[in-house]
Amino acid sequence: MQTSKIKVGIVGGTGYTGVELLRILAIHPSVELSVITSRGEAGLPVADMFPSLRGYIDLSFSDPAKSDLASCDLVFFATPNGIAMQQTRELLTAGVRIIDLAADFRIQDVATWEKWYGMTHACPELLSQAVYGLPEMNREQIKGAQLVANPGCYPTAVQLGFMPLLEAGLIDPQYLIADAKSGVSGAGRKAETHILFAEAGDNFKAYGVAGHRHLPEISQGLTNMAGKSVGLTFVPHLTPLIRGIHATLYGRLNKEADLQGLFEQRYANERFVDVLPKGAHPETRSVRGSNQCRIAVHRPQGGDTVVVLSVIDNLVKGAAGQAVQNMNIMFGFAENTGLEIVPLLP
Ligand SMILES: NC(=O)C1=CN([C@@H]2O[C@H](COP(=O)(O)OP(=O)(O)OC[C@H]3O[C@@H](n4cnc5c(N)ncnc54)[C@H](OP(=O)(O)O)[C@@H]3O)[C@@H](O)[C@H]2O)C=CC1
Ligand SMILES: CC(=O)N[C@@H](CCC(=O)OP(=O)(O)O)C(=O)O
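On a predicted model such as this, the values are computed, not experimentally measured, just so you know.

A. Geometry of the sheet that holds strand β6 (residues 147-149). Taken in spatial order, the 6 strands make up an open sheet running β2-β1-β3-β4-β6-β5, and their pairing is parallel. Here the strands that pair on one side only, and so sit at the sheet edges, are β2 (31-36) and β5 (130-132). Going from strand to strand, the sheet's axes swing by 25 degrees on average, the running direction of each strand aside. For strand β1 (residues 6-11) and strand β3 (residues 74-77), the ladder comprises 4 bridges, and the chain directions are parallel.

In structure tokens form, the structure reads like this:
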């Protein structure tokens, strides 16, 4: 159990997951924020860019190339894929622990990673020591980890929804369907045409049906849960929400079971997974701004198809909140420290 404050750095403080980390860490009692980087905004007070943080954060952005990350106890990378891996070896050698919110260390098989991410991995030798940071699955390994790969947003919602069923061997692992919808903040803060208000507003579309880079990440996790290979169809959609992911998951039951009881029991001790009463339909706004995943399990008309509904806030349980949950576990803080956030309504 760590008693003094830890020094924390954030690489990528101007993006959506970066500012969400700042919102949560600004009032975390065991954290002293010491570095927040931006390549383009070095020198600018953080609160000038994000007035929501006025009175909470006095630091200015610093240039990542000139920042003293090595003096931190922990560095979060809230950067695009392929950035954290360039500095990981050096930081780990300096004794700094790392949580990467991007995908550099999420997939254990380097050939699979290189195929889906279209780049050469800078430190494949470190993959075996990276722990996949889904606490509900890997809590014990996260405790001792120096390097945590924070899960993707869709992978968090999908894996938490399928986990009880696959662990119990209740569904055919070769026939899994994840139909998932994301808010636009999932695409990040950079300017891109498809996320302009006039393109994404009042619109709804699927994308990446032929193959999205979260497919191998989700398949890897589901394979570990099932103990055998899985067949997954994953279809993401873009919705005109700012925050939120809604995953509708389908599986084929291969034996009778009390599904409601199974989910309630599996997540009974999980602070951030809420199993709703039988027949409920979780809404994205019931988790907005919070680290909660809310799940409901259905069996339409009592048939052999199980339908799981899983909602998260992509920026919190799908990114920054889960990263702080992992930090709390790594440093021996109570797992919910800084994360008791009531969702925002309406
Ligand atoms: N948005 C979401 O819902 C989720 C995002 N993620 C992942 O988290 C990571 C961050 O996402 P998000 O915050 O949305 O992205 P943004 O595009 O909003 O922000 C990216 C940040 O990275 C910084 N950055 C970009 N290139 C570099 C570089 N070469 N060196 C250092 N810093 C750099 C940018 O800062 P500057 O240009 O000022 O230096 C910016 O602060 C991504 O890997 C994303 O896939 C994961 C789960 C959910
Ligand atoms: C709506 C949207 O565009 N979502 C992003 C995924 C979210 C994300 O940030 O990807 P990681 O979790 O891998 O980091 C996408 O589909 O590319």
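There's more to say after this.
B. Geometry of helix α8 (residues 214-226). The end-to-end C-alpha distance of α8, which contains 13 residues, comes to 18 Å, matching closely the 18 Å that a straight helix rising 1.5 Å per residue would cover. Taken residue by residue, α8 has His-214, Leu-215, Pro-216, Glu-217, Ile-218, Gly-221, Leu-222 and Ala-226 as its buried positions. Those residues of α8 hidden inside the fold are in contact with α4 (110-117), α6 (153-167), β7 (171-182) and β9 (232-238). Just downstream of α8 lies Gly-227, where phi reads positive at about 75 degrees.

C. Just the environment of Ile-177, in detail. Its place among the elements puts Ile-177 in strand β7. In contact with Ile-177, not counting residues within four places along its chain, are Thr-233, Leu-249 and Tyr-250.

D. Examining the UniProt feature "domain: Semialdehyde dehydrogenase NAD-binding" (unreviewed entry) in the protein more closely. What UniProt calls "domain: Semialdehyde dehydrogenase NAD-binding" (unreviewed entry) maps, in this numbering, to residues 7-145. A distance of 17 Å separates the end C-alpha atoms of residues 7-145, which is 29% helix and 16% strand.

E. Layout of the packing of α6 against α8. Running from N to C, α6 and α8 cross one another at 20 degrees; their axes reach a closest spacing of 9 Å. The angle between α6 and α8 places the two elements in the roughly parallel class. The hand of the α6/α8 crossing is right-handed. Contacts from Tyr-154, Pro-155, Val-158, Gln-159, Phe-162, Met-163, Leu-166 and Glu-167 of α6 reach α8 at His-214, Glu-217, Ile-218, Gly-221, Leu-222, Met-225 and Ala-226. Residues belonging to the contact of α6 with α8 are distributed by class as follows: 10 nonpolar, 3 polar and 2 charged.

F. Up close: the site of ligand 1. Near ligand 1 there are 31 residues, and of these Gly-12, Gly-15, Ala-102, Gly-188 and Arg-189 occur at the shortest range. Every element with two or more residues in the shell around ligand 1 is listed here: α1 (16-25) and α10 (316-331). Of the residues forming the shell around ligand 1, the biggest block, 3 residues, is contributed by α1. Residues that form the shell around ligand 1 fall into these classes: 11 nonpolar, 16 polar and 4 charged. Shared between two domains, the shell around ligand 1 takes at least three residues from each, and those domains are domain 1 (6-151 + 318-331) and domain 2 (154-314).

G. Representation of the site of ligand 2. Neighbouring residues of ligand 2: Ala-102, Ala-103, Gly-152, Cys-153, Ser-182, Gly-186, Ala-187, His-214, Pro-236 and Leu-238. In terms of residue class, the shell around ligand 2 is built from 6 nonpolar, 4 polar and no charged.

H. Spatial organisation of the sheet that holds strand β13 (residues 305-312). Sheet architecture is open: 7 strands sit in the order β8-β9-β7-β10-β13-β12-β11, paired in mixed fashion. Sheet topology places β8 (205-206) and β11 (273-275) at the edges, where each strand pairs with a single neighbour. Sheet topology note: the β8/β9 ladder contains 2 bridges and is antiparallel. Each residue of the ladder has a partner; that of Ala-206, found in β9, is His-237. Each of β7 and β9 is contacted by α8, which is oriented at about 135 degrees to β9, the strand it contacts most.

Cut-offs used in this document
- Residues numbered from 1 in each chain as written.
- Chains lettered and ligands numbered in written order.
- Predicted model: local features only at pLDDT ≥ 70, side-chain atom pairs only at ≥ 80, totals over all residues.
- Pairing = 2+ DSSP bridges.
- Helix = DSSP H or I, 4+ residues; strand = E, 2+ residues; numbered from the N terminus.
- Axes fitted to C-alpha atoms, helices over the stretch in contact; angles between N-to-C directions.
- Expected span 1.5 Å × (residues − 1).
- Buried ≥ 20, exposed ≤ 12 C-beta atoms within 10 Å, placed from the backbone.
- Contact = placed C-beta atoms within 7 Å.
- UniProt positions renumbered as here; feature names shortened; annotations may be inferred.
- Parallel < 35°, antiparallel > 145°, perpendicular 65-115°, else oblique.
- Left-handed = near helix turned anticlockwise from the far one by under 90°.
- Nonpolar A, V, L, I, M, F, W, Y, C, P; charged D, E, K, R; others polar.
- Near = placed C-beta within 6 Å.
- Domains from an automatic or database assignment.

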